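Results of the structural survey
Take a look at the letters that make up each chain.
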Amino acid sequence: MPLDIVILGPPGAGKGTQAELISEDAGIPHINTGDMYRAAVAAGTELGARVKPFMDAGELVPDDLTIAVVGERLSQPDTARGFVLEGFPRTLPQAEALDEILAESDRELSVVLHFQLSDEVAEQRLLKRALEQGREDDTPEIIHRGMETMRIPEELGQHYRVKVIPARIHAAPPLQEEL
Ligand code: AMP
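All values derive from a computational prediction rather than experimental measurement. Residue numbers here run from 1 along each chain, matching the order of that chain's written sequence. Totals for whole chains, interfaces and linings use all residues, but because this is a predicted model, local features are given only for residues with pLDDT of at least 70 and pairs of side-chain atoms are given and counted only at 80 or more. Side-chain descriptors were evaluated using all non-hydrogen atoms of the structure, hydrogens and water having been removed beforehand.

1. Concerning the overall build of the protein chain
What counts, and what does not: Under the DSSP-based scheme used, a helix requires at least four consecutive residues in state H or I and a strand at least two consecutive residues in state E, with every element numbered from the N terminus. Throughout, a contact is declared for two residues whenever any of their heavy atoms are within 4.5 Å. With residues, only the protein chains shown are counted as cover, and all accessible areas are computed by Shrake-Rupley using a 1.4 Å probe. We score Asp and Glu as negative and Lys and Arg as positive, and we do not count His or the chain ends. Note that the charge is assigned to NZ on lysines, CZ on arginines, CG on aspartates and CD on glutamates.
Secondary structure summary: the protein chain contains nine helices and five strands in total. If you list the helices and strands of the protein chain from N to C, you get β-α-β-α-α-α-β-α-β-α-α-α-β-α. The dimensions of the protein chain, computed from C-alpha atoms along their principal axes, are 45 × 40 × 30 Å. Pairs at least 24 residues apart make up 76% of the contacts formed inside the protein chain by residues separated by at least 6 positions. Carbon together with sulfur atoms contributes 54% to the accessible area of the protein chain, which is approximately 10,200 Å² in total. When the 17 basic and 32 acidic side-chain charges of the protein chain are each reduced to a single mean position, those positions are 2 Å apart.

2. Observations concerning the pairing of strand 4 (residues 111-116)
Keep this limit in mind: At least two bridges found by DSSP between two strands is the condition for calling them paired.
Examined bridge by bridge, strand 1 (residues 3-8) and strand 4 share four bridges and lie parallel to one another. The residue bridging V6 from the neighbouring strand is V112, located in strand 4. One ladder, built from four bridges, connects strand 4 with strand 5 (residues 167-170); its direction is parallel. Each bridged residue has a counterpart across the sheet, and for F115 the counterpart in strand 5 is I169.

3. A closer look at the sheet that holds strand 5
Short version of the rule: Note on geometry: axes are C-alpha line fits, over the in-contact stretch for helices, and angles between N-to-C directions span 0 to 180 degrees.
Across the sheet, five strands lie side by side as 2-3-1-4-5; this open sheet has parallel pairing. This sheet does not close on itself; its edge strands, each paired only once, are strand 2 (30-32) and strand 5. Averaged over all pairs of adjacent strands, the angle between their axes in this sheet comes to 20°, without regard to strand direction. Here three bridges tie strand 2 to strand 3 (residues 82-86), and the two strands are oriented parallel to one another. Counted as the bridge partner of N32 is E86 from strand 3.

4. A look at the side chain of R73
As a reminder, the rule being used: Three labels apply to residues, based on accessible area from a 1.4 Å probe with only protein chains included: buried if under 20% of the type maximum, exposed if over 50%, partly exposed otherwise in between. We define a polar contact as two N or O atoms separated by no more than 3.5 Å, with the added condition that, inside protein, one atom must be a possible hydrogen donor and the other a possible acceptor, whereas residues neighbouring each other in sequence contribute only through side-chain atom pairs.
Within the fold, R73 resides in helix 4 (residues 63-74). Assessed through its relative accessible area of 19%, R73 is described here as buried. Reaching out from R73, the side chain makes a polar contact with the side chain of D78 at a distance of 2.7 Å. For R73, the residues in contact, after removing those within four places along its chain, are P29, I31, M36, D78 and T79.

5. Some details on the side chain of T79
With respect to the secondary-structure elements, T79 resides in the loop between helix 4 and strand 3. Assessed through its relative accessible area of 2%, T79 is described here as buried. Leaving out residues up to four positions away in the same chain, T79 has contacts with P29, I31, R73, L74 and R107.

6. As for the site of the ligand
Note the threshold: One heavy atom within 4 Å of a molecule or strand makes the whole residue count as near it. Residues are grouped as follows: Ala, Val, Leu, Ile, Met, Phe, Trp, Tyr, Cys and Pro are nonpolar; Asp, Glu, Lys and Arg are charged; all remaining types, including Gly, are polar.
As a matter of local geometry, the ligand sits amid 14 residues, with T33, R38, E59, G87 and R90 nearest to it. Here R38 contributes a side-chain N or O atom positioned 2.8 Å from an oxygen atom of the ligand. Between the ligand and the protein, one listed contact pairs a nitrogen atom with a side-chain N or O atom of Q94 at 2.9 Å. Across the complex, the protein chains shield 86% of the 480 Å² of accessible surface that the ligand would expose by itself. A total of four residues in the shell around the ligand trace back to one element, the largest contributor, which is helix 2 (residues 33-43). Among the residues forming the shell around the ligand, the class breakdown is six nonpolar, five polar and three charged.

Structure follows, in structure tokens:
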């Protein structure tokens, strides 16, 4: 049976790190829509040109485009034994489309790992990351606004609470270790 994994959670929760570990351990691809879009922009492809305005504005790329991109990626042979999907789904229509894509090949999600992190800790981590990477334009206000756009909608969490049993992972150590 394929190992089809979705990782949900706010930026700064360590999703990418864990996705990489699982991907290496299980020998399945780590698919991150944000990375795919950044690569398309960097390569100057037609897709890159379509998504860039949304990314620059800190908005989600429209569902129909994102669903088509993910559908195409999941049809690649390297996903036969499974995948770790990060950054998708972010909306209920995306989650429903993913269910349909998988059902077409008699598959369903094995597990949804939902990383839980308070806004405060997530914002602290993003601010620290921005400072470390010298991204001075990432001010607390910009980070705060980005968090709002990227918040996992309640209806998406609810979809998975009904469909699969999500594993809720506490993604922060006690607060003093964070500082
Ligand atoms: P991320 O690295 O996950 O923050 O994604 C970077 C940008 O790519 C986001 O700000 C969105 O514009 C776009 N993006 C990534 N994943 C999605 C998605 N599932 N739905 C819509 N837009 C997305």
